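So the chains spell out like this:
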Amino acid sequence: MSTAPRYIPRYTLDDYNRWEGDWELIDGVAVSMSPSPFGPHERVVTELSRQIANQIIEKRCQCRAYANLDWIVDNHTVIRPDLMVVCGEQPQRHLQRPPVVMVEVLTDATRERDLTVKRTLCLENDVAHYLILDPSDRSILHVTGNDEAAVDTTQPQTLRLDDQCEIALDCTKLFQ
């Protein structure tokens, strides 16, 4: 056994900006985003994105839905949620403030990270709604700053985006 100290690199946003491929940076640790998601994951993301975008347009909310946009949390953390809703001023490049809604659709490769690290990031950064969707058991967990609840997927799920805008998700269509 070596007595040399173990070197564990801690990367920054500058490092991240030079990388090729799909990565996240979590507390200075590089996390590969491969393999890419499979069909059930992408069907859920697409349906949810469609529902949110249509209602934002219909209700004339000052919000937009983004799939796979980087959120720069700080100099050592950059994540790419499956879907985010941003209200008010819209990003020209990456998002540099918390979204109103962040969504992760679980896969075998991301399950632990989505349920722990990303949940904590949402709570620490005052993300109003963190939705965790699990295609394998057709469940939705809704995490807010002061509550966490399983969503009844037979009923619409209402999300208040800002003072003027509220949308209702048709959960029955998300896992078809």
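Residues numbered from 1 in each chain as written. Predicted model: local features only at pLDDT ≥ 70, side-chain atom pairs only at ≥ 80, totals over all residues. Heavy atoms only, no water.

1. Topic: the overall build of the chain
Part 1 of the argument: Along its length, the chain carries four helices and 12 strands.
Part 2 of the argument: Computed over C-alpha atoms, the radius of gyration of the chain comes to 17 Å, within 12% of the 16 Å expected from 2.2 N^0.38 for 176 residues, which places it in the range of a compact globule.
Part 3 of the argument: Based on the C-alpha atoms only, the size of the chain along its principal axes is roughly 60 × 35 × 30 Å.
Part 4 of the argument: Residues classed as buried in the chain amount to 44% of the 176 residues present.
Part 5 of the argument: A sequence separation of at least 24 residues applies to 49% of the contacts in the chain between residues at least 6 apart.
Part 6 of the argument: As displayed, the chain has an accessible area near 10,300 Å², and 48% of this comes from carbon and sulfur atoms.
Part 7 of the argument: Averaging the positions of the 18 positive and the 28 negative side-chain charges in the chain gives two centres separated by 4 Å. (Helix = DSSP H or I, 4+ residues; strand = E, 2+ residues; numbered from the N terminus. Rg over C-alpha atoms; globule rule 2.2 N^0.38 Å. Buried < 20%, exposed > 50% of the residue type's maximum accessible area, 1.4 Å probe, protein only. Contact = heavy atoms within 4.5 Å. Areas by Shrake-Rupley, 256 points an atom, 1.4 Å probe, with all protein chains shown as cover. Lys, Arg positive; Asp, Glu negative; His and termini not counted. Charge placed at Lys NZ, Arg CZ, Asp CG, Glu CD.)

2. Quick look at the pairing of strand β2 (residues 29-32)
Part 1 of the argument: One ladder, built from four bridges, connects strand β1 (residues 23-26) with β2; its direction is antiparallel. When the bridges of β2 are listed, Trp-23 appears paired with Ser-32.
Part 2 of the argument: With antiparallel pairing between neighbouring strands as the criterion, β1 and β2 make up a hairpin whose turn holds two residues, including Asp-27 at a positive phi of roughly 50°. (Pairing = 2+ DSSP bridges.)

3. Brief notes about the state of the cysteines
Part 1 of the argument: The full count for this structure, using the stated rule, is two disulfides.
Part 2 of the argument: Residue Cys-61 pairs covalently with Cys-165 via a disulfide, S to S 1.6 Å. Linking Cys-61 and Cys-165, the disulfide has an S-S dihedral of approximately 50° and is accordingly described as right-handed. One end of the pair, Cys-61, is in the loop between α2 (39-58) and β3 (63-66); the other, Cys-165, is in strand β12 (residues 165-169), and 104 residues separate them in sequence. No difference in accessibility class separates Cys-61 from Cys-165, as the two residues are buried.
Part 3 of the argument: The thiol sulfur of Cys-122 is not disulfide-bonded, and the nearest other cysteine sulfur, from Cys-87, lies at 15 Å.
Part 4 of the argument: For Cys-171, which is in no disulfide, the shortest distance to another cysteine sulfur is to Cys-165 and amounts to 17 Å. (Disulfide = S-S within 2.5 Å.)

4. Section: the pairing of strand β11 (residues 157-162)
Part 1 of the argument: Across five bridges, the pairing between β11 and β12 is antiparallel. Residue Gln-157 lies in a different strand from β12, and its bridge partner there is Leu-169.
Part 2 of the argument: Following β11, the chain reverses through two residues before pairing antiparallel with β12.

5. Considering the sheet that holds strand β6 (residues 83-87)
Part 1 of the argument: Overall, mixed pairing links the six strands, which are arranged β3-β6-β7-β8-β9-β10 in an open sheet. At either margin of the open sheet sits one strand with a lone partner, and together these are β3 and β10 (147-150). Adjacent strand axes in the sheet meet at a mean angle of 15° when their direction is disregarded.
Part 2 of the argument: Taken together, the four bridges between β3 and β6 define a ladder with antiparallel strand orientation. In the sheet register, Cys-63 faces β6, and the bridge partner there is Cys-87.
Part 3 of the argument: Here α2 sits on the sheet and contacts β3, β6, β7 (101-105) and β8 (129-134); the angle it forms with β6, its principal contact strand, is near 15°. (Axes fitted to C-alpha atoms, helices over the stretch in contact; angles between N-to-C directions.)

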